[in-house]
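# Structure assessment
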Amino acid sequence: MALAYATDLATGHSRDFALRSCVLAMRLVDGARFDDDTRRAVYHQALLRYIGCNADSHLLAAAWGDEIALRQELARVDFGDRAAFVEVFVRAITRTFTDASPAELAKAVERGLAEAAQINVPILSGHCEVAQRIAERLGLPEDIRESLGQIYERWDGRGMPRGLSGNAVTFPVRLVTLAQYAIALHEAHGFEGMTAMIAQRAGGAYEPELAQLFLADAERFFVGLDGPVDRETILALEPAPHAMLDEQACEEAYLAIADFIDMRMPFTFGHSRAVASLAEAAGKRMGLPAADIRDIRWAAYTHDIGELTVPVATWMRAGALTERETDAARLHPYHGERALASLGGDGKLVAALVQRHHEHLDGSGYYRNARGPDLSPGARILAAAEMFQTAREARPHRPASGDVAAAARLRAAVKDGKLCPDAVEAVLTCAGQPARRAAPERLAGLTPREIEVLRLIAAGDTMKEAARKLDIATKTADNHIQNLYSKIGVTTRAGAALYALERGLVQHGMSSA
Ligand SMILES: [Fe+2]
């Protein structure tokens, strides 16, 4: 669902598009009583159809300008209708060459259309290959990966890149293609328009029997599909047994998402991994509990997932952004948090860090203009690591800074009251820069274990609950708590809670605290 959120917006679809298509596709398979393996493949195909969409986005943008706008139009066009297809590309070129003379524009259109096949086929093949590879890293089985390699194929063989036809196109691809077009056409043309177009395209883009199955009861299949779809609805639709990822598989899934984000543009290659390794090292140096360090690393892997909502054409611009583009760009931490919200559980802590990765202590960051008290040690480390790593990478509007210049930039941000001095010092030391200050003291003079105990108490856990979460005997937990109380000079739970709040030791997303 996190990937579905990001790819919906990156491909110009509406919010919850993939989720709604999942509900519709599952209703269609339920009607036809398919086995669980088929239903599982349909379920994942609907949610993950576009996870390869990031591959070569910069090539699409270079050829056609705003690739999100282009994809939005393509989502409604019948790829077999050559005239409609050409029209979309002509409009894209016209958007890109707004200031060109009519003669220049005509030339650009001619050149663009001649290059279209040369550009589109290898790009779409890349999407399929990348989708399969990411699905493998997410732990999805072979049959699901096969379908993700066929996302642009169609019933009549006029799809891309391989021109498969009929039953050579897997069933989940045939069904989800129909479901997703039904949703997109419904948004663009209303219910009557949608059913008319599906009927007209049956036998071309869509398998005739499936189109018939849908059209026979389209109104019922569409009930409730014009609003948002919640997480619980989608979770309930997954055929049993549910695929679960253990800690190590989660690590690989987060890493796959990092690569999925970074491969969108050549200058961000490896960015998220680099931020993660810096932030992780700094977190260890500052003595944070192991669970915090894991959350920081996972947040670093995913921190820019919200950037997918902004066209590559914007990020690749060498000149200044327009006000509108700036607004869209500054909202990427918001979309990142929204995308990750569907993870639930510990994912909420990761999402809270992602939301804050461009915030500053003095309220000058974005998008919420949060201030110091709202920025946990983890959020401060992530912001510092992100700023250092980004400065070291080239961007279209500026060259890469050397390590020394990047370090100077961070120290200036500390002086201006933007970044946390301890977090910056830890990041710079871990990046091999000579230390300017003594090694940072442990947070509030506490050990990682003491911080964990303090947080549980502050959040209102009983001794028993705290012992269970820490995986120790209740008696041992009691000892830990008594020792902690005497160390920090309090005698009650409330006193400990206030102590934790005053020192910023409370994590974002903690329940009662
Ligand atoms: Fe960012």
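Look up a bit, the structure's there.
Description of the structure in this document. (Residues numbered from 1 in each chain as written. Predicted model: local features only at pLDDT ≥ 70, side-chain atom pairs only at ≥ 80, totals over all residues. Heavy atoms only, no water.)

Taken together, the protein donors to the iron ion comprise D304 (OD), H332 (NE2), H357 (NE2) and H358 (NE2), at separations of 2.2 to 2.3 Å. Here the iron ion is ringed by four donor atoms whose angles at the metal span 84 to 177°, and the overall shape comes out irregular. (Donors = N, O, S within 2.8 Å, 3.2 Å for Na, K, Ca; no water. Tetrahedral: all angles 85-135°; square planar, octahedral: opposite > 155°, others 65-115°.)

This paragraph deals with helix α9 (residues 171–201). For α9, spanning 31 residues, the distance from its first C-alpha to its last is only 18 Å, which falls clearly below the expected 45 Å at 1.5 Å a residue. Along α9, the sharpest kink reaches roughly 125°, centred on H189. Immediately beyond the C-terminal end of α9, within one or two residues, lies G203, with a positive phi of roughly 90°. (Helix = DSSP H or I, 4+ residues; strand = E, 2+ residues; numbered from the N terminus. Expected span 1.5 Å × (residues − 1). Bend = angle between axes of the 7 residues up to and from the residue.)

As a further point, take helix α15 (residues 290–302). At 3.6 residues per turn, the α-helix brings residues three or four places apart onto the same side. For α15, which comprises 13 residues, the first-to-last C-alpha distance of 19 Å matches the rise-based estimate of 18 Å (1.5 Å per residue) to within 8%. Where burial is concerned, most of α15 is hidden: 11 out of the 13 residues are buried. Among the residues of α15, those classed as buried are D292, I293, R294, D295, I296, R297, W298, A299, A300, Y301 and T302. Contact partners of the buried residues in α15: α13 (247–262), α14 (271–285), α18 (332–341), α19 (347–355), α20 (377–392) and α23 (448–458). (Buried < 20%, exposed > 50% of the residue type's maximum accessible area, 1.4 Å probe, protein only. Contact = heavy atoms within 4.5 Å.)

Relative to the helices and strands, R137 resides in helix α7 (residues 102–137). Residue contacts for R137: discarding those within four places in its chain leaves E252, A253, L255, A256, D259 and R273.

The step from M160 to P161 runs through a cis peptide bond, and the omega angle for that step is -5°. Along the chain, P161 turns up in the loop between α8 (142–148) and α9. In this model, D16 sits at a positive phi of 65°, which is unusual for a non-glycine residue. Examined against the element boundaries, D16 turns out to sit in the loop between α1 (2–10) and α2 (17–32). Of note, D471 is a non-glycine position whose phi angle comes to about 60°, a positive value. With respect to the helices and strands, D471 occurs in the loop between α24 (463–470) and α25 (474–488).

Let us look at the pattern of salt bridges. Enumeration according to the criterion identifies 37 salt bridges in this entry. Its salt-bridge partner being R39, residue D36 comes within 2.8 Å of it at the nearest N-O pair. A residue pair is termed a helical-turn pair when its members lie 3 or 4 positions apart in one helix, as D36 and R39 do in helix α3 (residues 36–48) at three residues. Residues participating in the shared-partner salt-bridge network are E73, E87, R91 and R95. (Salt bridge = Lys/Arg side-chain N within 4 Å of Asp/Glu carboxyl O.)

Where α14 meets α15, the axes come as close as 8 Å, and the angle between the chain directions of the two elements is 160°. One element, α14, and the other, α15, form an angle in the roughly antiparallel class. The handedness of the crossing between α14 and α15 is right-handed. Counted together, S272, R273, V275, A276, A279, E280, G283 and K284 of α14 and I293, I296, R297, A300 and Y301 of α15 form the full contact between these two elements. (Axes fitted to C-alpha atoms, helices over the stretch in contact; angles between N-to-C directions. Parallel < 35°, antiparallel > 145°, perpendicular 65-115°, else oblique. Left-handed = near helix turned anticlockwise from the far one by under 90°.)

With that out of the way, let us pick up the nonpolar core. Across soluble globular proteins, nonpolar side chains show a tendency to be buried alongside one another. In terms of nonpolar packing, the biggest core is built from 152 residues, with L24, I51, W64, I198, F214, F388 and L454 touching the most fellow members. Residue contributions to this core peak at 12 residues, all from α9. In this structure, F214 is in contact with L24, L28, L178, A182, M194, I198, F221 and F222, ignoring residues within four places of it in sequence. Formed by seven residues, the second largest nonpolar core is a distinct cluster that contains A61, M265, F267 and V312. (Core = buried A, V, L, I, M, F, W, Y, C linked by side-chain atoms within 4.5 Å.)

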